[in-house]
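# An overview of the molecular structure
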Amino acid sequence: LTGLAEYFDHPVALLSYGDRKRVEFARALCLEPSVLLLDEPVAGMNAAERARTVEVVHTVRAELGLSV
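Structure report, in brief.

Conventions used here
- Residues numbered from 1 in each chain as written.
- Predicted model: local features only at pLDDT ≥ 70, side-chain atom pairs only at ≥ 80, totals over all residues.
- Heavy atoms only, no water.
- Helix = DSSP H or I, 4+ residues; strand = E, 2+ residues; numbered from the N terminus.
- Buried < 20%, exposed > 50% of the residue type's maximum accessible area, 1.4 Å probe, protein only.
- Lys, Arg positive; Asp, Glu negative; His and termini not counted.
- Salt bridge = Lys/Arg side-chain N within 4 Å of Asp/Glu carboxyl O.
- Contact = heavy atoms within 4.5 Å.
- Core = buried A, V, L, I, M, F, W, Y, C linked by side-chain atoms within 4.5 Å.
- Axes fitted to C-alpha atoms, helices over the stretch in contact; angles between N-to-C directions.
- Parallel < 35°, antiparallel > 145°, perpendicular 65-115°, else oblique.
- Left-handed = near helix turned anticlockwise from the far one by under 90°.
- Nonpolar A, V, L, I, M, F, W, Y, C, P; charged D, E, K, R; others polar.

This next bit is on the side chain of Glu49. Looking at the element boundaries, Glu49 is found in helix α2 (residues 47-64). No salt bridge is formed by the buried Glu49. Its closest oppositely charged neighbour is Arg50, at 7.3 Å. Beyond its immediate sequence surroundings of up to four residues, Glu49 is in contact with Ser16, Tyr17 and Gly18.

Okay, structure coming up:
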């Protein structure tokens, strides 16, 4: 759901800032929350990273019915 499959074999420390934030998002999803609170989820990201993160949040909301 987070679009990180291609990075499974990469250390998180070597990923871009936006990808590291999506890893954090994926880790939070592993806890199977019914509500997910995000505090400035796109702060410090460039335009492409922001767009990708917004897309992932929308996908997760639609697929899991999660309140964000």
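Side chains that are nonpolar tend, in soluble globular proteins, to be buried together. Residues Phe25, Leu29, Leu36, Val56, Val57, Val60 and Leu66 constitute the largest nonpolar core, which totals seven residues. Only α1 (17-29) and α2 provide two or more residues apiece to this core. If one sorts the elements of this core by residue count, α2 sits on top with three residues. For Val60, the residues in contact, after removing those within four places along its chain, are Leu1, Phe25, Leu29, Gly65 and Leu66.

With that out of the way, let us pick up the pattern of salt bridges. The full count for this structure, using the stated rule, is three salt bridges. In this structure, Arg22 engages Asp19 in a salt bridge whose closest nitrogen and oxygen atoms are separated by 2.3 Å. Of the two residues, Arg22 and Asp19 both sit in helix α1, three residues apart, roughly one turn of that helix. Residue class for Asp19 comes out buried when judged on its relative accessible area of 11%. With a shortest N-O distance of 2.7 Å, Arg52 and Glu55 are connected by a salt bridge.

Let us now look at the packing of α1 against α2. At their nearest, the axes of α1 and α2 sit 9 Å apart, and the two run at 15° to each other. Considered as vectors, α1 and α2 are oriented roughly parallel to each other. The chirality of how α1 crosses α2 is right-handed. Counted together, Tyr17, Gly18, Arg22, Phe25 and Leu29 of α1 and Glu49, Arg52, Thr53, Val56, Val57, Val60 and Leu64 of α2 form the full contact between these two elements. In the contact of α1 with α2, the residues fall into seven nonpolar, two polar and three charged.

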